[in-house]
Amino acid sequence: MEANLSLLDTVGVGDLVLLDPLSEESLLQNLKERFAHQEIYTYIGNVVISVNPYQPLPIYSPQTVEEYRNCNFFAVKPHIYAIADDAYRSLRDRNKDQCILITGESGAGKTEASKQVMSYVAAVCGKGEEVNQVKEQLLQSNPVLEAFGNAKTIRNDNSSRFGKYMDVEFDFKGEPLGGVISNYLLEKSRVVRHIKGERNFHIFYQLLAGGSDQLLRELKLERDCRHYGYLGREDRSLPGVDDAANFRAIQEAMKVIGFSPAEMRALLEVTAMVLKLGNVQLDSQFQASGMESCSIQDTRAVREICELIGLPERVLEQALCSRTVEAKQEKVVMALTVAQGCYGRDALAKNIYNRLFNWLVTRINENIKVDSSERRKVMGVLDIYGFEIFQNNSFEQFVINYCNEKLQQVFIMMTLKEEQDEYVREGIQWTPVDFFDNSIICSLIEDRQAGILAMLDEECLRPGLVTEETFLAKLSQVFGSHKHYESRATQNARHVTDASLAGPCFRVHHYAGKVTYNVLGFVEKNNDLLFRDLSQAMWKAQHELLRSLFPEGDPQKASLRRPPTAGSQFKASVTTLMKNLYSKNPNYIRCIKPNDNKEPGVFTDGLVQTQVRYLGLLENVRVRRAGYAYRQGYKPCLERYKMLCKQTWPKWKGGARDGVQALLTNLHVPTAELAYGHTKIFIRTPRTLFDLEDRRQLRVAELASLIQATYRGWKCRTHYQQMRKSQIAISAWFRGQAQQKRYGQMKSSALLIQAYIRGWKTRKEYKKYFRSGASTTLANFIYRRLVQKFFLGLRTNLPPMVVTDRSWPTAPYKFLANTNEELKKIFYLWKCKKYQDQLTPQRKALLQDKLCASELFKGKKTLYAKSLQQSFQGEYLGLRKNPKYRALHTVAEGKLVLADTVQKVNRANGKTVPRLFLLTKNHVILADPKAAQPKTVVSLSDIQRVSVTRFSDGFFVLHLNEISTVGTKGDFLLVSDHLIELITKLHQTLLETTAKTLKLQVADEFSTQFSKGSIAIRIVETAKNNGVVPVCKKKGSHKMEVLVH
Ligand SMILES: Nc1ncnc2c1ncn2[C@@H]1O[C@H](COP(=O)(O)OP(=O)(O)OP(=O)(O)O)[C@@H](O)[C@H]1O
Ligand SMILES: [Mg+2]
């Protein structure tokens, strides 16, 4: 009951189906009463009637949106949001493409309604950055298109001068993906002319009012509207409308849609150019032939245009003032009259603007189009120019009204005709409701052969002189008896005189009223011709955008084929539109205009009554009342509601019809509410349907919970099982590891214990045998090991083989100290032996000599140290070589050990004389160097001893035995430069020959024996000087001092 309350409880009735009694007056009264209480929306079933309030109402707030979101259509006050919500939900949940048809005459509020629908859908259809961007783009396309396509008319300050159908595309979740906009026939004649009290398209005023000074300067525009011919040379700012602010808004909107600054700039440049074209004035001239021609009156406008679009002035001037005609494949340039010139100029302006508008739509579409190929659901919103009747109606009004006629036909077909036909088809008892079918008017206009548009085309294409009069005459002839056609001719034929129908006019009785059309301009507008010179000139411009608008201007692509006429183009696009609409689920918003003065709160009965009549609202209510609110094929119906009954859920085995019957009986739906057709079930009131829907929703929620619960249960179970499995796997592995470790430990312990026990047992067993020597054996074993280790260690750690290196590693253990010392010695000796082994015999002999010298002198005589460096040469005289010494050589031959020069000290005075000193194996021979004959020969056995000093001198005394042959002369005091060698050799030879060692005395005092007695020799150390040492000084007869250092 609650559902109905909201419809009854408000002012009047919310749904006209509930109106009682039902008549035109009560219907009007109901609308009026509701309007007076600002209830502007009323339903007829699910059709919304909207009465324009002409004032802002507080019923479009976000709160209201929330209120209507997912609401029950009949549970809330009638509102445009409710129908938008219903359509959106139907699209999202039932997967049905939707279209929203907004109809009504100009100023009835269609555009506003379409915006409200769009903003509602945008508010409820999902959120997210990407979605919001799509929404913004879709919404922002509106102000841009309105700026270029809307204008103030007498009826409406923001009248749509183009038709717009926008398909918004959604994904399966109901989130918007993008859209496509189709536009229909822009009223381009407005660019060059508008009647007094109206305005040109908004954009011109917005640009002039809102463009910055710099922008206007760059576009070469004056801010004052009165400067421009196409703006009627009058300032027509609209009260309550801020053109400047709107200009800023559209710039922002274009940015949001994705226009680049360069594109925006180009767009404005072309717009400015159109405006300037209106200021190009033509002057008439007469050529020499007397023919009229035209020329540019003031070249400023042309110059500015050409600068703006990058075109040589001459080209544009020529295109505006002349025309190239091709006759018999020859090109002839014809001068144009002023009228022709103006016509060409205006045609150019209209064409540019029209093409610019189409470009704008295409460009917006590029940005909002959906790229993905996934299946989409579509919601189309149609906002087309409303039906209009002006004082003077032309071709534009004709096509606009034709379009409205077609929309009315859709409405009639879908809500009145189709519905009633369906009842009959389905075998439902039905009393037909009469209604006016406007198909007859539609075919009057669009019939392929005998339609007004077809005849206009025919007239346009006909060779010969084509005038509107011939066209009108033809119409009057063909439609002489047509109920919906009138002209002077047909009136005359019927003897009717109606002064309101002027000569060049015909009248069509449209569904919404009689409209008188003036045929003037019909042919020209239908032809929509632009002189080729002009399109070619435009193509030559450097301005990219402008150039792209005139592809046919390219001489290479120029085609002689006539472009389709405006009428046939429009008809084709309307046919496509209709096809599109028929393929979708329609939702109607029927807009009503309450008064002609755009005044809030004023409800002009007559005006509304006319609209109620021609909109067929009463018939609509009647059909709705008698009919059924809802119908659906048995199968989809069963599919949709089968979950409401145990018999049909989850599967119904019988036929669909029986299933639906069983279902509805089970649900106790009153039989009066239902009618079973051949293929469909009909439900009378929406309440029953909503009741079913509510129950379904609850049940779906239940089922969803069940599915959720089952799924969650399954998910938790599988998760649990997975966890359990993992846990088992982990613990098995862990236990395995632990056991392995334990086993390893136990095994090693067992082995240890075993070893102990076995050892213990063995020890016990063999104690008696081994006990006494065990420790020694062990110790020996250990020692052996240590020694072995020591030796092995030594092997790798031996000191270098250099003989002088006495280093040796220290013993690692004390007990090895002696051994180590021995080893050190052995190693050293071995090292020396190795060294010795590699010595040559000569070197060996030399070293032996040196060794002998060291034994004799080391630490005893200072000279020894010096001798170390000298090698012992033995033969210093060169006896063999020198012939002078031949005698000596002969004496010593084969036995010579040493030959050298010595100084002999005179015993008497201490002076020295040189002597040759030869040591042979048996003798010491002294010889005079000059004579080179042996002077003294001493047998080695006569040498008693030798005395030397401690110092570094070469002084020595050769003490002889007293019995020696030379003994008579006594001992020899000699000085040798090779003392060490000499004595060493002497010692060695003596030892060799006599097997006696040489007695060597190192002393500071010794006595010498001479024939004349002994002399005591004292060695005196002197300070170092350069004098030759030793110096022997006789001190008295028995003393001699030898000075050495
Ligand atoms: N719901 C509304 N609330 C407030 N004002 C409205 C509403 N609907 C329409 N109007 C007013 O009516 C004017 C005309 O409405 P709109 O432009 O939508 O008419 P239309 O049917 O599109 O006309 P046309 O066929 O000429 O384009 C709007 O500019 C606005 O001032
Ligand atoms: Mg509009």
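These figures come from a predicted structure and were not determined experimentally.

Conventions we followed
- Residues numbered from 1 in each chain as written.
- Chains lettered and ligands numbered in written order.
- Predicted model: local features only at pLDDT ≥ 70, side-chain atom pairs only at ≥ 80, totals over all residues.
- Heavy atoms only, no water.
- Pairing = 2+ DSSP bridges.
- Helix = DSSP H or I, 4+ residues; strand = E, 2+ residues; numbered from the N terminus.
- Axes fitted to C-alpha atoms, helices over the stretch in contact; angles between N-to-C directions.
- Contact = heavy atoms within 4.5 Å.
- Patch = residues over 30% accessible without salt bridge, like charges linked within 9 Å, V, L, I, M, F, W, Y side chains within 5 Å.
- Areas by Shrake-Rupley, 256 points an atom, 1.4 Å probe, with all protein chains shown as cover.
- Salt bridge = Lys/Arg side-chain N within 4 Å of Asp/Glu carboxyl O.
- Buried < 20%, exposed > 50% of the residue type's maximum accessible area, 1.4 Å probe, protein only.
- Donors = N, O, S within 2.8 Å, 3.2 Å for Na, K, Ca; no water.
- Parallel < 35°, antiparallel > 145°, perpendicular 65-115°, else oblique.
- Left-handed = near helix turned anticlockwise from the far one by under 90°.
- Nonpolar A, V, L, I, M, F, W, Y, C, P; charged D, E, K, R; others polar.
- pLDDT = per-residue confidence, 0-100.
- Near = heavy atom within 4 Å.
- Polar contact = N/O pair within 3.5 Å; in protein donor to acceptor, adjacent residues only side chain to side chain.
- 1 Å grid on protein atoms, 1.4 Å probe; cavity = no way out; pocket = protein on both sides within 12 Å on 5 of 7 lines; lining within 4 Å.
- Points joined across faces, edges and corners; volume = space filled by probe spheres on them.
- Phe/Tyr/Trp six-rings, centres within 6.5 Å; stacked < 30°, edge-to-face > 60°.
- Lys NZ or Arg CZ within 6 Å of the ring centre and 35° of its normal.
- Core = buried A, V, L, I, M, F, W, Y, C linked by side-chain atoms within 4.5 Å.

Enquirer: I'd like a description of the sheet that holds strand β2 (residues 47–51), backed by residues and values.
Expert: With mixed pairing, 7 strands are arranged side by side in an open sheet as β1-β2-β16-β3-β12-β6-β7. Edge positions in the open sheet fall to β1 (41–44) and β7 (176–184), since each of these has one partner strand only. Shown here is a sheet whose adjacent strand axes are inclined to one another by a mean of 20°, direction ignored. Those strands touched by helix α2 (residues 24–36) are β1, β2 and β16 (585–592), and its axis lies near 150° from that of β1. Along the sheet face, helix α4 (residues 80–94) touches β1, β2, β3 (98–103), β6 (163–170), β12 (377–383) and β16 and points at about 150° away from the line of β12.

Enquirer: Before we move on, can you summarise a nonpolar patch on the surface with the specific residues and values?
Expert: Where nonpolar side chains cluster on the molecular surface, the patch consists of L752, I753, Y756, I757 and W760 and spans about 560 Å² of accessible area. For I757, a relative accessible area of 41% gives the class partly exposed.

Enquirer: Help me get a handle on the coordination of the magnesium ion (ligand 2), residues and values and all.
Expert: For the magnesium ion (ligand 2), the protein coordination sphere consists of T111 (OG1) and S160 (OG), at 1.9 to 2.1 Å. Taken together, the positions of T111 in helix α5 (residues 110–124) and S160 in strand β5 (residues 159–160) put the pair 49 residues apart, joining distant regions of the chain. The class of S160 is buried, set by a relative accessible area of 7%.

Enquirer: I'd love a proper account of the packing of helix α12 (residues 299–309) against helix α13 (residues 313–321), names of residues and values included.
Expert: Orientation of α12 relative to α13, taken along the N-to-C sense of each, is 120°, at an axis distance of 9 Å. It follows from the interaxial angle that α12 and α13 lie oblique. Along this stretch, α12 crosses α13, giving a crossing that reads as right-handed. Facing α12, whose interface residues are T299, V302, R303, I305 and C306, α13 presents E313, L316 and E317. Classifying every residue of the contact of α12 with α13 gives 4 nonpolar, 1 polar and 3 charged.

Enquirer: So what's going on with the confidence of the model for the protein? Which residues, and what values?
Expert: Mean pLDDT over the protein works out to 87, with 97% of the residues at or above the 70 mark. Within the model, the stretch residues 1–9 combines pLDDT values under 50 with 21 contacts to residues more than four positions away or in other chains.

Enquirer: Which residues make up the sheet that holds strand β23 (residues 934–939), and what are the values?
Expert: Ordered in space as β23-β22-β21-β20-β26-β25-β24-β27, the 8 strands form an open sheet in which the pairing is mixed. This sheet does not close on itself; its edge strands, each paired only once, are β23 and β27 (999–1002). If you compare each strand with its neighbour and ignore which way they point, the axes differ by 30° on average. Where strand β21 (residues 912–920) and strand β22 (residues 923–927) come together, 4 bridges link them in antiparallel fashion. Each bridged residue has a counterpart across the sheet, and for L916 the counterpart in β22 is A927. Along the sheet face, helix α33 (residues 979–994) touches β20 (896–905), β21, β22, β24 (943–948), β25 (955–960), β26 (972–976) and β27 and points at about 130° away from the line of β20.

Enquirer: Help me get a handle on the pairing of strand β30 (residues 1031–1034), residues and values and all.
Expert: Here β30 runs beside strand β31 (residues 1039–1044); their pairing, made up of 4 bridges, is antiparallel. Within the sheet, the bridge partner assigned to C1032 lies in β31 and is V1042. What sits between β30 and β31 in their antiparallel hairpin is a turn of 4 residues, with G1036 showing a positive phi close to 75°.

Enquirer: Which residues make up the site of ligand 1, and what values do they have?
Expert: Neighbouring ligand 1 are 20 residues, the closest being S106, K110, T111, S159 and S160. In the environment of ligand 1, an oxygen atom lies 2.7 Å from a nitrogen or oxygen atom belonging to the backbone of S160. When ligand 1 sits alone it has 620 Å² of accessible area, and the protein chains cover 87% of it. Residue composition of the shell around ligand 1, by class: 5 nonpolar, 12 polar and 3 charged.

Enquirer: Quick rundown of empty space enclosed by the protein? Include the residues and the values.
Expert: A full pass over the atoms with the stated rule returns 3 cavities of 30 Å³ or more. If you trace the largest cavity, you find it lined by M118, V121, A122, C125, K135, L138, L139, V168, F170 and P176. Every element with two or more residues in the lining of the largest cavity is listed here: α5, α6 (129–149) and β6. Of the residues belonging to the lining of the largest cavity, the class tally is 9 nonpolar, no polar and 1 charged.

Enquirer: So what about the packing of helix α15 (residues 395–425) against helix α25 (residues 617–626)? Which residues, and what values?
Expert: At their nearest, the axes of α15 and α25 sit 10 Å apart, and the two run at 35° to each other. The two elements α15 and α25 cross, and the hand of that crossing is left-handed. Where α15 abuts α25, its residues F411, T415, L416, E419 and Q420 lie against E619, N620 and V623. Grouping the constituent residues of the contact of α15 with α25 by class yields 3 nonpolar, 3 polar and 2 charged.

Enquirer: Could you give me a rundown of the packing of aromatic side chains, with the residues and numbers involved?
Expert: Tallied over the entire structure, the rule returns 36 aromatic pairs. Relative to W359, the ring of F259 lies with its centre 6.2 Å away and its plane at 65°, an arrangement referred to as edge-to-face. Here F259 is found in the loop between α10 (243–257) and α11 (261–277), whereas its partner W359 is found in helix α14 (residues 338–368), with 100 residues between them in sequence. For F259, a relative accessible area of 4% gives the class buried. In this structure W359 comes out as buried when scored by relative accessible area, which is 18%. Aromatic pair W808 and F827: ring centres 5.1 Å apart, planes at 40°, arrangement tilted. With W808 in the loop between α28 (686–796) and α29 (817–837) and F827 in helix α29, this residue pair connects regions lying 19 residues apart in the sequence. The structure contains a cluster of three or more aromatic residues connected by ring pairs, namely F395, F398, F471, F479, Y485, F506, Y517 and F522. Above the plane of the ring of F259 lies R363, whose end atom (NZ or CZ) is 5.1 Å from the centre. When the ring centre of F411 is taken as reference, the NZ or CZ atom of R590 above it lies at 3.6 Å.

Enquirer: Describe unusual backbone geometry, listing the residues and the values that go with them.
Expert: Of the consecutive residues W649 and P650, the connecting peptide bond is found in the cis state with omega at 5°. Its place among the elements puts P650 in the loop between α26 (634–641) and α27 (656–666). In this structure, K220 is a non-glycine residue whose phi angle is positive, near 60°. With respect to the helices and strands, K220 occurs in the loop between α9 (213–219) and α10. Under the relative-accessibility criterion, K220 is labelled partly exposed at 26%. Positive phi is not limited to glycine here, since A995 has a value of about 60°. Turning to its location among the elements, A995 is positioned in the loop between α33 and β27.

Enquirer: Before we move on, could you go through the environment of Y485 and cite the residues and values that matter?
Expert: Turning to its location among the elements, Y485 is positioned in strand β13 (residues 485–487). Accessibility expressed as a relative area gives 0% for Y485, which makes it buried. With 21 residues separating them along the chain, Y485 and F506 place their C-alpha atoms 7.3 Å apart. Contact partners of Y485, with chain neighbours within four places excluded, come to L444, I452, L472, L475, S476, F479, T490, R494, F506 and R507. Separated by 3.4 Å, the side chains of Y485 and S476 make a polar contact.

Enquirer: Kindly report on the nonpolar core, identifying the contributing residues and their values.
Expert: Ranked by size, the top nonpolar core spans 186 residues in total, and within it I352, L360, I452, F506, M538 and I589 carry the most contacts. Per-element accounting of this core gives the leading share, 13 residues, to α14. In this structure L360 touches V144, L145, F148, M254, F259 and L267, once residues within four positions along its chain are discounted. In this structure, L846, C852, L960 and L990 belong to the second largest nonpolar core, which totals 31 residues.

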